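Fold and contact review
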Amino acid sequence: MPLTPPPPPASWRPRTVATRGGLQRSQFLETDEALFMTSGFVYRTAEEAEAAFAGDGLRFVYSRYANPTVSMFEERLRLIEGAAMCRATASGMAAVFASLACFLKAGDRVVASRALFGSCLHILNQILPRLGVATELVDGRDLAAWKKALAKGVRAVFVESPSNPTLEIIDLPAVAALAHAQGALLIVDNVFASPLLQKPLALGADIVVYSTTKHIDGQGRSLGGAVLGPKKFFDDHLLMFLRHTGPALSPFNAWLLVKGLETMELRVRRQCEVALALARFLEKHPKVPRVLYPGLASHPQHALAARQMSGFGSVVCFEAGTTKADAFRVMNALRLIDISNNLGDTKSLTTHPATTTHQRVPPAERAALGISESLIRVSAGIEDEADLIEDLSQALKQM
Ligand SMILES: *Cc1c(COP(=O)(O)O)cnc(C)c1O
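Quick caveat, the model's predicted, so the values are computed rather than measured. (Residues numbered from 1 in each chain as written. Predicted model: local features only at pLDDT ≥ 70, side-chain atom pairs only at ≥ 80, totals over all residues. Heavy atoms only, no water.)

Before going further, it helps to spend a moment on the domain arrangement of the protein. Split into domains, the protein comes out as domain 1 (14-260) and domain 2 (265-396). Taking only C-alpha atoms, the centre of domain 1 and the centre of domain 2 are 27 Å apart. Buried surface at the junction of domain 1 and domain 2, summed over both partners, amounts to about 2900 Å²; 60% is from carbon and sulfur atoms. Counting across the interface, domain 1 meets domain 2 through two salt bridges. In this structure, Asp171 and Arg307 form a salt bridge, with 3.8 Å as the shortest nitrogen-oxygen distance. The interface formed by domain 1 and domain 2 includes 15 residue pairs in polar contact (both at pLDDT 80 or more). Where the side of domain 1 that touches domain 2 is concerned, the elements lending two or more residues are helix 5 (118-130), helix 7 (172-181) and helix 8 (194-197). Of the residues that constitute the side of domain 1 that touches domain 2, the class distribution is 17 nonpolar, 13 polar and seven charged. (Domains from an automatic or database assignment. Buried area = accessible area lost by both parts, 1.4 Å probe. Salt bridge = Lys/Arg side-chain N within 4 Å of Asp/Glu carboxyl O. Polar contact = N/O pair within 3.5 Å; in protein donor to acceptor, adjacent residues only side chain to side chain. Helix = DSSP H or I, 4+ residues; strand = E, 2+ residues; numbered from the N terminus. Nonpolar A, V, L, I, M, F, W, Y, C, P; charged D, E, K, R; others polar.)

Here it is as structure tokens:
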């Protein structure tokens, strides 16, 4: 079995690729992708082992380097994304860190949008500076701020769009052009959009990273991550970094994820429908002063989102009343929607960003990000929206 399965016929359309792309059958001709739960592989002779370690790249050696089930998942995601290369990691944060640490060195500069997942902020504010990499955060919506920050020289630009949790949209083609003018790589954390709704590489990005924990698994079962991008970046930097630092994805999780990709479109399209229904309900509710959803005409960047995304995503944020106590009362009164900090799940989930995902962000910075004390994030699942609206409605009455 070669490390990279042969690509499917070029005539296959995206839904066929999502169901069958990357499939490699063993000698047993199983229907489903096989789970190769093995750490290593055997050699018929010592000479074969010697040749394998000489690195012809044509056979499996050790699952920290590559594994058949993991390779099937990587190949399917690569085809869906339209990237030259894909490597899976054990979590989304491992993918984010590897995408930066594999090529940055002391003295380099990174510029990033300020509205980021909390752990991404920790890498940028704490870990990279300790290694001698300077970092600067800007308002990602402000092209003048990007221009000013990038003019000082930059090696990597890191953005998340839509952002967690306030759903800010970055103009990806514009930021890509500014980054490239300075010789920098643009890395996009595409988790909130999912591989279905936004194609950062086609919009000018160089590298895409995912937490596959979210929409790709989408059923709350496994952690995982992925990095996608051009062959040169992988050959020069990422492949050796992953091989020798070891954030390898478990074959079992890869097996869940390759099956997750088969139903991702059905789930994410449905989640977008549910999210829009919840956003419309919340927007009309008298106890809800603010609703954030890129699919609402009231979202300040609705037109930009419509331009670069093919759907508006599964996350809606709203303010319940004005205080933390108001938000907690509503969340504690929910009977159907669970309180959980995950997102992209088939079950609708809700979280209070100020006290969970962004608890460690200093309060002034949190306020600047628009994460108020009464802000609640809802990740829309695939349940019946009428039941979800009834649940939110009865919970808001408790406030
Ligand atoms: C969840 C998430 C991550 C981290 O992924 P894990 O799989 O939890 O490590 C990174 N970025 C964004 C935007 C996320 O939502």
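There is more to say after this.
Attention now moves to the pattern of salt bridges. A complete count under the given rule lists 25 salt bridges for this structure. With a closest N to O distance of 3.1 Å, Arg141 and Asp139 form a salt bridge. Of the charged contacts in the structure, one is a salt bridge between Lys259 and Glu262, with a shortest N-O distance of 3.2 Å. Remark: Glu262 and Lys259 occur in helix 10 (residues 251-284); sequence separation between them is three residues, near one turn of the helix. Through salt bridges that share partners, Asp32, Glu33, Arg76, Lys259 and Glu262 make up one connected network.

Quantified by volume, the largest pocket comes out at close to 820 Å³. Lining the largest pocket we find 38 residues, and of these Leu3, Tyr65, Ala66, Arg87 and Leu239 sit closest to its centre. For the lining of the largest pocket, the elements supplying multiple residues, two or more each, are helix 2 (46-53), helix 3 (68-81), strand 1 (85-89) and helix 9 (231-245). When residues in the lining of the largest pocket are grouped by element, the largest group, six residues, is from helix 9. Considered class by class, the residues forming the lining of the largest pocket number 21 nonpolar, seven polar and 10 charged. As for the second largest pocket, its lining consists of 23 residues, of which Pro14, Arg15, Ala18, Ile80 and Glu265 are closest to the centre. Among the secondary structure elements, those contributing two or more residues to the lining of the second largest pocket are helix 1 (14-20), helix 3, helix 8 and helix 10. Its residues assigned to classes, the lining of the second largest pocket shows 15 nonpolar, two polar and six charged. Each of domain 1 (14-260) and domain 2 (265-396) contributes no fewer than three residues to the lining of the second largest pocket. (1 Å grid on protein atoms, 1.4 Å probe; cavity = no way out; pocket = protein on both sides within 12 Å on 5 of 7 lines; lining within 4 Å. Points joined across faces, edges and corners; volume = space filled by probe spheres on them.)

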